[in-house]
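Observations on the model geometry
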Amino acid sequence: MSANEIVIVGAGWAGLATAVALTRAGKFVTVFESARQIGGRARRVPFDDLSVDNGQHLFIGAYHETLSIMETIRVDTPKVLLRQQLQLISRYQDGKTLALKTPRLPAPLHLLWGLLTAQGLNPKERWSAIRFGLKLKLGRLKLQQDISVSELLRQQGQPDTLNQAFWYPLCLAIMNTQPQQASAEIFIRVLEDAFLHQQQDSNLLYARRDLSEILPDPAVDYIEQHGSQVQLGQRITQLEIEANRITGVWSDDQFHAAEHVVLATPPYATAPLLTPFPLLADLAFGLQQFQYEPICSVYLQYPEAVQLPVPMLGMLGSVGQWAFDRRLCGQAGLIAVVISSSGIHMTWPNTQLVETISTELANLFPTWPQPIRSQVIREKRATFASLININQSRPTNLTKVKGLWLAGDFTQTGYPATLEGAVRSGVQCVRQIVNLTS
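Quick summary incoming for the structure in this document. Note on numbering: residues in each chain are counted from 1, in written sequence order. At least 70 in pLDDT is required for a residue's local features to be given in this predicted model, at least 80 for side-chain atom pairs to be given and counted, and no such filter applies to totals for whole chains, interfaces and linings, which use all residues. Computation of side-chain values covers all heavy atoms of the structure but excludes hydrogens and water.

Put simply, the grid is 1 Å and covers the protein atoms alone, a cavity is a trapped set of points that fit a 1.4 Å probe, a pocket is an open set with protein on both sides within 12 Å along at least five of seven lines, and lining residues have an atom within 4 Å of a point. Grid points are joined across faces, edges and corners, and a volume is the space filled by probe spheres set on the points. Inspection of every chain in the model, using the stated rule, returns 5 cavities of 30 Å³ or more. Computed from the structure, the largest cavity encloses a volume of approximately 110 Å³. Around the largest cavity, the lining comprises 13 residues; the ones closest to its centre are Leu88, Ser90, Leu98, Ala165 and Phe166. Here a helix means four or more residues in a row that DSSP labels H or I, a strand means two or more in a row labelled E, and each is numbered from the N terminus. Of all the secondary structure elements, the ones that give two or more residues to the lining of the largest cavity are strand E7 (87-92), strand E8 (97-101) and helix H7 (160-175). A total of 4 residues in the lining of the largest cavity trace back to one element, the largest contributor, which is H7.

Spelled out as structure tokens, the structure:
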């Protein structure tokens with residue numbers, strides 16, 4: 001490798017987005033990934049003869065950078081993502097339904113109309129939610145200091161019944177952090193991006209393929225077709241820094257020279273690479289302070305005739321939180337149930353968790369038979385915890401060492417730990433590198 005090339009460590013969504021954006025800018029890059037598979041925490045995993053995801057994900061229309069990268073790598077977006085108007089349908093175990101549907105009206109009128117006509121809300125809940133939406137629109141939810149999502153909702157007079165049925169599940173889905181600890185600053189930012197700018201930003205985009213087919217696989221194809229490369233099974237063990245400038249990286253006993261190195265790895269994997277260098281000690285210490293939240297996905301295979309009434313169904317008052325119909329991915333009868341954040345379910349054996357989720361679905365759909373087979377995927381460090389004041393602790397892409405950069409959803413994007421946050425970080429990083437090298 002010549003010294004003017006760029007090394008990216010990590011082939012998750014942040015690393016691949018960084019590589020694509022640099023390649024698009026005419027740079028040559030080499031991506032090193034320690035695993036034998038690309039995609040990081042959003043990748044395909046085998047389930048008998050099927051391919052599923054290590055965590056069921058949902059895209060929204062406001063994921064502009066992700067959609068832009070997909071366009072760059074020539075992904076046929078309508079083929080891999082089903083776009084629908086915002087529709088949130090949730091059911092309690094007793095069958096009571098909460099339904100919010102938005103019409104094709106300019107933002108944020110579509111949201112306000114959806115709240116006004118929402119099924120399952122009483123008048124007090126309905127008008128409380130509308131007042132919250134109006135304050136969001138008018139910019140009256142700006143905070144002098146960060147507080148928890150639950151405290152924000154309390155200050156805004158949101159009834160507890162509305163919180164339990166709507167706001168808290170939305171917070172968990174967005175931030176994977178319990179509302180009592182979650183950053184209201186980040187919560188407001190995501191709501192603004194989804195609901196205040198363009199009506200289509202709040203569209204729900206359901207995957208028609210596994211996650212690897214949506215971005216990682218075509219990203220690697222694009223990178224390699226343009227003369228760059230992705231090397232799997234290559235763990236970077238050490239950075240080489242001379243006179244406060246990065247000169248390359250080591251993988252075991254092999255040195256790879258580079259003028260720029262982007263560490264697109266999670267904080268817990270990045271910190272050990274930085275620790276040996278006094279100039280980076282504060283950064284390494286900060287990365288070590290991040291806390292993490294799990295996501296648990298339960299896949300249940302039913303007979304092919306079994307299907308949900310909608311692509312995604314909220315589950316209220318139950319262990320399961322959201323159920324997805326994998327029929328969209330050509331997997332008829334396969335239901336994926338997602339449980340965000342920590343909870344007692346993480347202490348249960350898989351058999352108990354499967355039995356619990358199966359029973360909850362049977363209560364919602366009494367005509368369904370028992371599942372034929374199941375798989376539980378527990379991603380214990382699925383996301384960083386979007387805690388109060390976390391934005392003050394998030395690093396920039398730029399480090400104190402010339403040519404050394406960070407990319408990942410944990411950097412200063414203003415977003416929680418989402419695929420869009422990871423992609424945005426990579427694109428932000430590339431803009432700064434290109435400005436320096438142009």
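Bringing the state of the cysteines into the picture now. By definition, disulfides here are pairs of cysteine sulfur atoms that lie within 2.5 Å. Enumeration over the complete set of coordinates arrives at 0 disulfides. Cysteine 296 provides the cysteine sulfur closest to cysteine 171, a residue in no disulfide bond, and the two sulfurs are 19 Å apart. There is no disulfide at cysteine 296, and the cysteine sulfur nearest it, in cysteine 329, is 19 Å away.

Among the residues of helix H11 (residues 267-274), Pro267, Thr270, Ala271, Leu273 and Leu274 are the ones counted as buried. Take H11 and look down its axis: the buried residues cluster within an arc of 160°, on one side only. For each residue, the accessible area found with a 1.4 Å probe, counting protein chains only, is set against the maximum for its type, and the residue is called buried under 20%, exposed over 50%, and partly exposed in between. Note that the arc is defined by the directions from the helix axis to the C-beta atoms.

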